[in-house]
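A structural walkthrough
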Amino acid sequence: MNGRRGIDCRGAQGKVRLLLVCLPLLLAGCDGAAPAGGQNIGDAENGRRVIARVECGVCHVIPGVSGARGTVGPSLQGFASRNFIAGVVVNEPAVLVQWVRDAPSLAPHTAMPALPIDETEARDVAAYLQGLR
Amino acid sequence: MSGPMKAAVFILGAPLLCGGCVGIQSPLDTHGDHAALIAVLSWVMFIGATLISLGVVGVTAYAMFGDRERRARFLDRRLIIGGGILFPTATLTALLIHSLILANRLVAVTADDKPLRIEVIGEQWWWRVHYLDEQGQRAFTTANEVRIPVGQPIEFILTTADVIHSFWIPSLGGKLDMIPGHVNRLRLKADRAGVLRGQCAEYCGGAHALMAFFAVVETPEHFAAWYDGQRTPARQPADPFLIKGRDLFLSSGCGGCHAIRGTAAAGVIGPDLTHIGSRRSIGAGLYPVNAGTLAGWIVDSQHLKPENRMPSFNVFTGEELRALAAYLQSLK
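A brief structural summary. (Residues numbered from 1 in each chain as written. Chains lettered and ligands numbered in written order. Predicted model: local features only at pLDDT ≥ 70, side-chain atom pairs only at ≥ 80, totals over all residues. Heavy atoms only, no water.)

As for the overall build of chain B
Filter applied, for reference: Helical segments are the DSSP runs of H or I of at least four residues, strand segments are the runs of E of at least two, and each set is numbered from the N terminus. Only C-alpha atoms enter the radius of gyration; for comparison, a globular chain is expected to reach 2.2 Å times N to the power 0.38, where N is the number of residues. Residue exposure (1.4 Å probe, protein chains only): buried if accessible area is under 20% of the type maximum, exposed if over 50%, otherwise partly exposed. Residue contacts are counted whenever heavy atoms from the two residues lie within 4.5 Å of one another. The charge count includes Lys and Arg as positive and Asp and Glu as negative, but it does not include His or the ends of the chains. For this purpose, a charge sits on NZ of Lys, CZ of Arg, CG of Asp or CD of Glu.
Across its full length, chain B holds eight helices and ten strands. Against the compact-globule benchmark of 20 Å for 332 residues, chain B has a radius of gyration of 26 Å, which places it well outside the compact range. In terms of its C-alpha atoms, chain B occupies a principal-axis envelope of roughly 95 × 55 × 35 Å. Each of the 332 residues in chain B was classed as buried or not, and the buried ones make up 42%. Taking the intrachain contacts of chain B between residues at least 6 apart in sequence as the baseline, contacts between residues at least 24 apart amount to 60%. Averaging the positions of the 30 positive and the 27 negative side-chain charges in chain B gives two centres separated by 7 Å.

Put into structure tokens, the structure is as follows:
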């Protein structure tokens, strides 16, 4: 390695080595659950657990959450690219945090009830939804 | 596969083998004497069968690959009678005696114990639960959940309203069928607190796989408090939003199938909802109880649990639905 640190990519062997090193990057695309968004409003992975615990999937299709195939409310597939939440308020992080915790405070006629999650959990849930592209 | 590779595969695979050993619905994660006895029998059979299998494979390999002179020893009649007749007979007889003694202990009833009696009726696809008082009268009715105190013997009185179901709380004991026109009795005792899960263990139609329940084992003090709470009628709401929910419940005809003690709703077709807000699940172990799951269930129960007896009621405005769900959730 001539004293260098890193991967020696020269020669046929080196190319194979490079391929092996990069293989996991290809696999990164296999897990639809992993949110790609860089929003720092919360812990998206914990948000996914909160969504599973509260069973948001009773009413919504939520990619990456097992059993979440509800049809009462809208599918949340591609949620991050929506401009509005429920067609009522602008889809931006602070609003979304309030929405997932207490939707009726933003839209009095909504069927979506206030849910038993705290502020931190609401941020985590919002972080997860922001990653659904 | 190299040596280290094999070791790696074994280490990665080992957790899969133990996946069934712990958790809220494992017969090996025991919470009571009955389950412990059954677990011992399971281990005896599992380890014994493993040793016998290894022995048979070893002898077979020897017979195939051993040298000619040594293989000739297998022609010895004593070996065939000993290994082929005497050993299996002795082993299976010992196992039979062990299991008969065990079965006797599982159903043993001592004269002085006073069991708490709980009547459980299997219905497609949920569990109706009546707690009986000391006179044998029904003290109160609940659904899809049994709560029991640590240390007290429990007698489950099991039957069915329709087809054959099977009542099973793996961490507490064996399963017992619920048979039409027949009453079965199952004695159990829990020796430590915890939340356990039970399930219907006999195929009973479409939503069989979604027919589960929770068994909550708690201290006698907690249990007594819960028991007293369950005997009381539902609390009348003071909050206008909850009052609206209650009025919707009554005016929409929910009481045709469901009872809420303390109100005019006295239906007996579906689960009693008097204290639904204090239960761990709706839909027979399917979802936790919160305003969201309750609202979703009311609107879309046929999608969530196909073929269950409750139709989807897509007749409420968003606000009405929330009021109804909030009222049900408030029924602690």
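Still to come is the rest of the account.
Here we look at the packing of helix α6 (residues 240-251) of chain B against helix α8 (residues 318-330) of chain B
Two measures define how a pair of helices packs: the angle their axes make with one another and the distance between the axes. All names here are of chain B. Filter applied, for reference: Convention adopted: a line fitted to C-alpha atoms gives each axis, helices being fitted over their contacting stretch, and angles between N-to-C directions are expressed from 0 to 180 degrees. In what follows, roughly perpendicular refers to angles from 65 to 115 degrees, roughly parallel to angles under 35, roughly antiparallel to angles over 145, and oblique to any angle outside these ranges.
The contact between α6 and α8 brings their axes to 7 Å, and the two run at 95°. As judged from the angle between their axes, α6 and α8 are roughly perpendicular. Across from Phe-241, Leu-242, Lys-244, Gly-245, Arg-246, Leu-248 and Phe-249 in α6, the residues of α8 making contact are Glu-319, Glu-320, Arg-322, Ala-323, Leu-324, Ala-326, Tyr-327, Leu-328 and Ser-330.

Quick word on the pattern of salt bridges
Rules: Each salt bridge in this description consists of a side-chain nitrogen of Lys or Arg and a carboxyl oxygen of Asp or Glu lying within 4 Å of one another.
Enumeration over the complete set of coordinates arrives at 15 salt bridges over all chains. Across the salt bridge formed by B:Glu123 and B:Arg128, the nearest N and O atoms sit 2.6 Å from each other. On the basis of relative accessible area, B:Glu123 is assigned to the buried category, the value being 10%. The class of B:Arg128 is buried, set by a relative accessible area of 13%. Three or more residues are tied together by salt bridges with common partners; here these are A:Glu45, A:Arg48 and A:Arg49.

Focus on the side chain of B:Arg147
All names here are of chain B. Heads up, the rule is: Polar contacts, as used here, are pairs of N or O atoms within 3.5 Å; protein pairs need one atom able to donate a hydrogen and one able to accept it. Residues neighboring in sequence count only if both atoms are side-chain atoms.
As for its position among the elements, Arg-147 is in strand β4 (residues 145-149). For Arg-147, a relative accessible area of 13% translates into the label buried. Side chain to side chain, Arg-147 and Glu-145 meet in a polar contact 3.2 Å long. At a separation of 3.3 Å, a polar atom in the side chain of Arg-147 contacts the side chain of Glu-218. Excluding residues within four positions of it along the chain, Arg-147 makes contact with Ile-118, Tyr-131, Val-216, Glu-218, Phe-223, Trp-226 and Ser-278.

Focus: the interface of chain A and chain B
Put simply, an interface is often sized by how much accessible area is lost when its parts join up. Formally: Note on definitions: buried area is the accessible-area loss of two parts on being combined, 1.4 Å probe, summed for both. Note on residue categories: nonpolar means Ala, Val, Leu, Ile, Met, Phe, Trp, Tyr, Cys or Pro, charged means Asp, Glu, Lys or Arg, and polar means any other residue, Gly included.
Counting residues at the interface gives 19 residues for chain A and 17 residues for chain B. Summed over both sides, the interface between chain A and chain B buries roughly 1400 Å², with carbon and sulfur atoms accounting for 61% of that surface. Counting across the interface, chain A meets chain B through zero salt bridges. Taken together, the links from chain A to chain B amount to six residue pairs in polar contact (both at pLDDT 80 or more). Grouping the constituent residues of the side of chain A that touches chain B by class yields twelve nonpolar, four polar and three charged.

Here we look at the nonpolar core
As a reminder, the rule being used: Definition used in this section: a nonpolar core is a set of buried Ala, Val, Leu, Ile, Met, Phe, Trp, Tyr and Cys residues joined via side-chain atoms within 4.5 Å.
Formed by 32 residues in total, the largest nonpolar core has its most connected members in B:Ile118, B:Val120, B:Tyr131, B:Val146, B:Phe156, B:Phe167 and B:Ile169. Setting aside its immediate chain neighbours within four residues, B:Ile118 contacts B:Val129, B:His130, B:Tyr131, B:Val146, B:Arg147, B:Ile148, B:Ile154, B:Glu155, B:Phe156 and B:Ile157.

Topic: α6(B)
Residues three or four positions apart in an α-helix share a direction because the helix packs 3.6 residues into each turn. Residues and elements named next belong to chain B. Quick note on the threshold: What a helix should span is 1.5 Å times the count of its residues minus one. When we speak of the arc, we mean the arc of directions from the helix axis to the C-beta atoms.
End to end, α6 covers 16 Å across twelve residues, agreeing with the expected 16 Å (1.5 Å per residue, within 8%). Buried within α6 are the following residues: Leu-242, Gly-245, Arg-246, Leu-248 and Phe-249. When α6 is viewed along its axis, its buried side chains cluster within an angular range of 160° and face the same direction. What points out from α6, more than 90 degrees from its buried face, is the exposed set Pro-240 and Ser-251. In this fold, the buried residues of α6 make contact with α8. Where α6 begins, one side-chain oxygen reaches toward the backbone nitrogen of Phe-241, 2.8 Å away; that side chain belongs to Asp-239.

Description of the packing of helix α7 (residues 291-304) of chain B against α8(B)
Residue and element names in this part refer to chain B. Our working definition: For any helix crossing, the convention is left-handed if the near helix is rotated counterclockwise from the far helix by under a right angle, and right-handed if that rotation is clockwise.
Where α7 contacts α8, the two axes come as close as 8 Å, and the packing angle between them is 120°. Judged by the inter-axis angle, α7 sits oblique to α8. Seen along the crossing, α7 lies across α8 with a hand that is right-handed. Contact residues: Ala-291, Leu-294, Ala-295, Ile-298 and Val-299 in α7; Leu-321, Leu-324, Ala-325, Leu-328 and Gln-329 in α8. In the contact of α7 with α8, the residues fall into nine nonpolar, one polar and no charged.

Focus: the sheet that holds strand β9 (residues 194-200) of chain B
Residue and element names in this part refer to chain B. This is how it is decided: Only strands that DSSP links by at least two bridges are regarded as paired with each other.
Across the sheet, which stays open at both edges, the five strands sit in the order β4-β10-β9-β6-β7 with mixed pairing between neighbours. The strands lining the two open edges of the sheet, one partner per strand, are β4 and β7 (176-178). Neighbour-to-neighbour, the strand axes of the sheet open up by a mean angle of 25°, direction not taken into account. As paired strands, β4 and strand β10 (residues 212-218) are joined by five bridges and run parallel to one another.

Considering the packing of aromatic side chains
Residues and elements named next belong to chain B. Stated precisely, the cut-off is as follows: Aromatic pairs are defined between Phe, Tyr and Trp rings, using the six-membered ring for Trp, whenever the two ring centres lie within 6.5 Å; interplanar angles under 30 degrees are classed as stacked, those over 60 as edge-to-face, and all others as tilted.
Per the stated rule, a full pass over the model turns up 15 aromatic pairs over all chains. Taking the centre distance of 5.9 Å and the plane angle of 75° together, the rings of Trp-43 and Phe-46 count as edge-to-face. In this pair, Trp-43 and Phe-46 are both assigned in helix α2 (residues 33-65), three residues apart and thus about one turn of the helix distant. For Phe-46, a relative accessible area of 53% corresponds to the exposed category. A ring pair is formed by Phe-167 and Phe-213, whose centres lie 5.1 Å apart and whose planes are at 20°; its orientation type is stacked. Highlighted residues: Phe-167 in strand β6 (residues 165-168) and Phe-213 in strand β10, separated in sequence by 46 residues. Using a relative accessible area of 1% as the deciding quantity, one classes Phe-167 as buried.

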